[in-house]
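Residue-level listing of the chains:
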Amino acid sequence: MKDIEPADGRFLEYAPAPESTSILKVRTDYGLFIDGEWVQGRGKSFTTISPSSEKKIATIASASDADVDAAVAAARRAYEKSWAKLSGSDRGKYLFRIARLVQERARELAVAESLDNGKPIKESRDVDVPLVAAWFFYYAGWADKLDYAGLGANPRPLGVAAQIIPWNFPLLMLAWKIAPALAAGNTVVLKPAETTPLTALLFAEIVQQAGLPRGVVNIVTGAGDTGAALVRHPDVDKVAFTGSTAVGREIAKTVAGTHKKVTLELGGKAANIVFDDAPIDQAVEGIVNGIFFNQGHVCCAGSRLLVQENVHDEVIDRLKRRLSTLRLGDPLDKNTDIGAINSAEQLERIRTLSDIGEREGAERWSAPCEIPENGFWFAPTIFTGVETSSTIAREEIFGPVLSVLTFRTPAEAIAKANNTPYGLSAGIWTDKGSKILAMADRLRAGVIWANTFNRFDPASPFGGYKESGYGREGGRHGLGAYLKSGASK
Amino acid sequence: MSHLTIPKTYKLYIGGAFPRSESGRSYEVVSGKGAFLANAAKASRKDARDAVVAARAAVSGWSGATAYNRGQVLYRVAELLDGRRAQFVDEISSAEGVSASAAGAQVDEAVDTWVWYAGWCDKFAQVAGAGNPVAGPYFNLSVPEPTGVVATVAPQGAKGGSLLGIVRTIAPALVAGNTVVAIADEARPLSAISLGEVLATSDVPGGVVNILTGSPAEIAPWLASHADVNALDLTGAGGLDWVELEVSGADTLKRIVRPEPGIPDRALGRILGFVETKTVWHTKALI
């Protein structure tokens, strides 16, 4: 062993294995995609950078109120003139085309995503982009079967959908929004996040390649103002938002008193509950996947580890050992486990909350890893000795930071898990099936993973209880969010 | 021989008991012809908050009951309502100034509403849930669960609705296991309170339904802003400043059903307006 084990204790070192960026042809600047064409934005354009290098990727247009108006008007025209008049099977065929085009351009999209978002290429390549194709494929098949969506015969689309998506899974969130909306016969205006517009703009090219009628999909880039203009636009019939609870609240207030239907996927503070009879090694992998997948930039992340007191030390020891093997660095390196934090602003938030955690008395431990010189980085960090009242047990950090609490009985685990205004997800680790079922019944969360975590599938409804929002995405439920009953007045 | 009647004191229905308003306030209720009928309790903010506390405390028991059991309890409400038909016909005809046969038809509709929703208790989950064919070794199931505490505003002054209006707003919320704080028809609250007496004797656990009489314009904002209320049924709030109620409810991201004129239809959608979908991924062993 001596020969191959280096002095720092690492068993094996890896040579750099960067994915080539040559497959990706990025333009120097991007306009808005409205009515099937690229147009200039009338707002102040901005730059999107790579969070791992802080290097500029492209100049991005910003949509003014007038641009948003034009995009909604284009979507309305397309809704009335072409899309809603197409047969369901033809709408479905367009969506199947999109699914295939995403598969054909999968590597390019993965590279673009990792470049713009900072997530490891192994995640964008193996999780994000395959799920994007799957999402379009799944909803494509629904387009001519709407009578079976659970709303009775002849359900109708809502009209124009305004969709606002976050920066953590840029292209995947686009797919979650656009695929069911189009399958149901709506047209869309989508605003990607300010820091991650690139893959949505590449998607506009795919829309062109698929030959979609003009105006069915419109992409407007910009900051919060652009999103707000879209939400309050009077000719919008549906608002779908994924993002923070604070913004979700504002959206709920903005649409109050209107006819608009709303779906909100908001924040979370999920409990990942590990019982003493769990397979500990698998649980440790699940804990890592739960909070360090995508740098913890996941609304359903398992950010609160609830571990049964008698196995606490063992779990934490093994967890620290496992975290010490994670490789942080270049998102485009195929061996990278932890990529870059998406923005300087988010890094600041993670730092601030971690400092508060320390000040409030929790014990901080960070994986020993080298932090690259440029870019935004945060080493995987766990806090032990966290109290239920601690800030880091209550507020969503949205970063690679795990708060560890303990419990003795299932009842205590349930009480602690539910002790949050959020209710998006939860995890249960135990070898006992009956315990899983009883726990799952009592956890107030929309998605529960038993002996796994952070699994997503287009057939599986996803969404929160309480202040994690309302409405579901995925599955038949996600389709219903874009339909109204044919009998409704 | 004439018998001097003993008029009933109409009070609130909170936590299975019939208290007067803690504020000591009451208001005069008159018949369709303007004659004095009763002094109803005028619920205060404290009464509204007490009702939410009672409703919250009742959630675990009611939502934890089996669906079959909830169905039987709601059916029992229909039985007892039907048994007290004469009293309701009397109250409805004096409140609305309608004939006894019109009032009787309204009671029939109310009874049938309870029967209809009772039958949904152990069926709606089969219609609204799903087994999801995910691409992986997982048993994946979506099931509807109750949202929690639902505050409802019963239709106000709807034609033929002094009893049916409140039944149509309360019953669907109970199906999934929610508990309810209901604001009665302000001008015609008497049959709502008599409905409380039916509920109190129908095996509906105390706190599962709470009925407040008084001013909806006054009470609804207290419930809309209450952090322990999960959903707001504004069906009967069309005459109030309901936009402000929706804005207020947004602070705690309440599920909100917007106003609709008249008496709402019986509909599966009204059950599903107050449920959450829970999706559980169970790992399958690789054998």
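The numbers attached to residues start from 1 for each chain and follow its sequence in the written order. Chain A is the first chain written and ligand 1 is the first ligand written, with later ones labelled in order. In keeping with the predicted nature of the model, local features appear solely for residues at pLDDT of at least 70, side-chain atom pairs appear and are counted solely at 80 or more, and the whole-chain, interface and lining totals rest on all residues. Hydrogens and water are ignored here; the side-chain numbers use all heavy atoms of the structure.

1. Regarding the overall build of chain A
- In this text, helices come from DSSP runs of H or I with a minimum length of four residues, and strands from runs of E with a minimum of two, each type numbered from the N-terminal end. Within chain A one finds 15 helices and 20 strands.
- Each principal axis of the C-alpha atoms in chain A carries an extent, and together these give about 70 × 50 × 35 Å.
- The rule is simple: take the accessible area with a 1.4 Å probe, protein chains only, and divide by the maximum for that residue type; under 20% is buried, over 50% is exposed, in between is partly exposed. Across the 489 residues in chain A, those meeting the buried criterion constitute 62%.
- When contacts within chain A are restricted to residue pairs at least 6 apart in sequence, those whose partners lie at least 24 apart make up 75%.
- The method behind every accessible area is Shrake-Rupley, applied with a 1.4 Å probe, and residues are considered shielded solely by the protein chains displayed. As displayed, chain A offers around 18000 Å² of accessible surface, 50% of which is attributable to carbon and sulfur atoms.
- Positive charge is attributed to Lys and Arg, negative charge to Asp and Glu, and no charge count is given to His or to the chain ends. Think of each charge as sitting on NZ of Lys, CZ of Arg, CG of Asp or CD of Glu. Mean positive and mean negative side-chain charge positions of chain A (57 and 58 charges, respectively) differ by 7 Å. Residues count as neighbours in contact if any of their non-hydrogen atoms are within 4.5 Å of one another.

2. Considering the overall build of chain B
- In terms of helices and strands, chain B carries ten helices and ten strands.
- In this treatment the radius of gyration is a C-alpha quantity, and the globule benchmark scales as 2.2 Å times the residue count to the 0.38 power. Taking 19 Å as the expected radius of gyration for a compact globule of 287 residues, we find that chain B reaches 20 Å, a close match to that expectation.
- Reported as C-alpha extents along the three principal axes, the dimensions of chain B are approximately 85 × 40 × 30 Å.
- Across the 287 residues that make up chain B, the buried fraction comes to 55%.
- A fraction of 76% describes how many contacts in chain B between residues 6 or more apart in sequence connect residues 24 or more apart.
- In the form shown here, chain B has an accessible surface area of approximately 11400 Å², with 56% of it arising from carbon and sulfur atoms.
- Positive and negative side-chain charges in chain B, numbering 25 and 28 respectively, have mean positions lying 3 Å apart.

3. Considering unusual backbone geometry
Residue and element names in this part refer to chain A.
- With a phi close to 55°, Gln-295 is a non-glycine residue in the positive phi region.
- Examined against the element boundaries, Gln-295 turns out to sit in the loop between α9 (280-292) and β13 (304-308).
- Phi angles above zero are rare outside glycine, and Phe-398 is one such case at about 60°.
- Position of Phe-398 relative to the elements: it lies in the loop between α12 (391-394) and β16 (401-407).
- For Phe-398, a relative accessible area of 17% translates into the label buried.

4. Regarding the sheet that holds strand β6 (residues 179-183) of chain B
Residue and element names in this part refer to chain B.
- Note on pairing: DSSP must find at least two bridges between two strands before they are called paired. Pairing is parallel across the open sheet formed by five strands, whose spatial order is β7-β6-β5-β8-β9. A single partner strand is all that each edge strand has here, and the edge strands are β7 (209-212) and β9 (255-257). Between one strand axis and the next, the sheet turns through 15° on average, direction left out of account.
- Relative to β6, strand β5 (residues 149-153) runs parallel, the two sharing five bridges. Note that in β6 the partner of Val-150 across the bridge is Val-180.
- Comment: axis = line fitted to C-alpha atoms, over the contacting stretch for helices; angle = value between 0 and 180 degrees taken between N-to-C directions. Contacts from helix α8 (residues 216-224) reach β5, β6, β7 and β8 (231-233), with the element oriented near 150° to β6.

5. As for the pairing of strand β15 (residues 381-384) of chain A
Residue and element names in this part refer to chain A.
- Side chains Thr-381 and Phe-383 project from β15 onto one buried face, and the interleaved Ile-382 and Thr-384 project onto a second face that is buried too.
- As judged from the four bridges shared by strand β14 (residues 363-366) and β15, these two strands associate in the antiparallel manner. Across the sheet, the residue bridging to Ser-366 is Thr-381, located in β15.
- Both β15 and β16 contribute to a ladder of three bridges, which runs parallel.

6. Focus: the nonpolar core
- Among buried residues, the Ala, Val, Leu, Ile, Met, Phe, Trp, Tyr and Cys ones that are joined through side-chain atoms within 4.5 Å form a nonpolar core. Ranked by internal contacts, the top residues of the largest apolar core, which has 112 residues, are Phe-136, Leu-174, Leu-212, Val-217, Leu-305 and Leu-319 of chain A.
- A per-element tally of this core places helix α5 (residues 170-183) of chain A first, with eleven residues.
- What Leu-319 of chain A contacts, discounting residues up to four positions off in sequence, is Val-284, Ile-287, Val-288, Leu-305, Ile-382 and Leu-402 of chain A.
- Val-29, Ala-58, Leu-199 and Val-209 of chain B belong to the second-largest nonpolar core, a separate cluster that totals 56 residues.

7. Remarks on the packing of helix α2 (residues 88-104) of chain A against helix α4 (residues 121-142) of chain A
All names here are of chain A.
- It is the contact of α2 with α4, at a shortest axis distance of 8 Å, that shows an interaxial angle of 165°. Considering the angle they form, α2 stands roughly antiparallel to α4. Crossing handedness for the pair α2 and α4: left-handed. Residues Gly-92, Leu-95, Phe-96, Ile-98, Ala-99, Arg-100, Val-102 and Gln-103 of α2 form the contact with α4, whose participating residues are Val-129, Val-132, Ala-133, Phe-136, Phe-137, Tyr-139, Ala-140 and Gly-141.
- Three classes are used, and their members are as follows: Ala, Val, Leu, Ile, Met, Phe, Trp, Tyr, Cys and Pro are nonpolar, Asp, Glu, Lys and Arg are charged, and the others, Gly among them, are polar. Across the contact of α2 with α4, the residue classes break down as twelve nonpolar, three polar and one charged. Put simply, angles under 35 degrees are roughly parallel, angles over 145 are roughly antiparallel, angles from 65 to 115 are roughly perpendicular, and the rest are oblique. Here a crossing is taken to be left-handed if its near helix is turned anticlockwise relative to the far helix by less than a right angle, and right-handed if that turn runs clockwise.

8. Thoughts on the interface of chain A and chain B
- Counting residues at the interface gives 44 residues for chain A and 36 residues for chain B.
- Between chain A and chain B, a total of about 2900 Å² is buried, with carbon and sulfur atoms accounting for 50% of that surface.
- Think of a salt bridge as a Lys or Arg side-chain nitrogen and an Asp or Glu carboxyl oxygen that are within 4 Å of each other. The interface formed by chain A and chain B holds three salt bridges in total.
- The shortest N-O distance in the salt bridge between Glu-276 of chain B and Arg-472 of chain A comes to 3.8 Å. Accessible area, probed at 1.4 Å, shrinks when two parts are joined; the buried area is that loss added up over both.

9. Comments concerning the packing of aromatic side chains
- Each aromatic pair joins two rings of Phe, Tyr and Trp (for Trp, the six-membered one) with centres within 6.5 Å, and gets the label stacked for planes under 30 degrees apart, edge-to-face for over 60, and tilted for any other angle. If you walk through the whole model with that rule in mind, you get 20 aromatic pairs over all chains.
- On the numbers, 5.4 Å between centres and 75° between planes, the contact of Tyr-138 of chain B with Trp-281 of chain B is edge-to-face. Residue Tyr-138 of chain B is found in strand β4 (residues 138-146), and its partner Trp-281 of chain B is found in strand β10 (residues 275-283); the two are separated by 143 residues along the sequence.
- Relative accessible area serves as the criterion here: at 14%, Tyr-138 of chain B is assigned to the buried category.
- A residue is classified by how much of its surface remains accessible, and Trp-281 of chain B, at 3% relative accessible area, is buried.
- Cluster of aromatic residues (ring-pair linked, three or more members): Trp-135, Phe-169, Trp-176, Phe-293, Trp-449, Phe-453, Phe-456 and Phe-462 of chain A.

10. A look at the side chain of Thr-147 of chain B
- For Thr-147 of chain B, the position within the fold is in the loop between β4 and β5.
- Contacts described as polar in this section are N or O atom pairs within 3.5 Å, which, within protein, must combine one atom able to donate a hydrogen with one able to accept it, while residues neighboring in sequence count only if both atoms come from side chains. Within the structure, the side chain of Thr-147 of chain B is placed 3.1 Å from the backbone oxygen of Phe-274 of chain B, a separation counted as a polar contact.
- Residues in contact with Thr-147 of chain B, not counting those within four places in the same chain, are Arg-444 of chain A together with Asn-178, Asn-230, Ala-231, Arg-255, Phe-274, Val-275 and Glu-276 of chain B.

11. Considerations on helix α11 (residues 344-359) of chain A
Residue and element names in this part refer to chain A.
- The length a helix should cover is 1.5 Å for every residue beyond the first. Taking 1.5 Å per residue, 16 residues should reach 22 Å; α11 reaches 22 Å between its end C-alpha atoms and fits that length.
- Looking at α11, one finds that the buried residues are Gln-346, Leu-347, Ile-350, Leu-353, Ser-354, Ile-356 and Gly-357.
- In the core, the buried residues of α11 are packed alongside β14, β15, α12 and β16.
- Phi for Gly-361, located one or two positions after α11, is positive at around 105°.

12. Description of the confidence of the model for chain B
- A residue-level look at chain B finds 100% of positions with pLDDT of 70 or above and a mean pLDDT of 97.
- For this predicted complex, the interface confidence reaches an ipTM of 0.95, while the overall pTM sits at 0.96. pLDDT gives the predictor's per-residue confidence on a scale running from 0 to 100.

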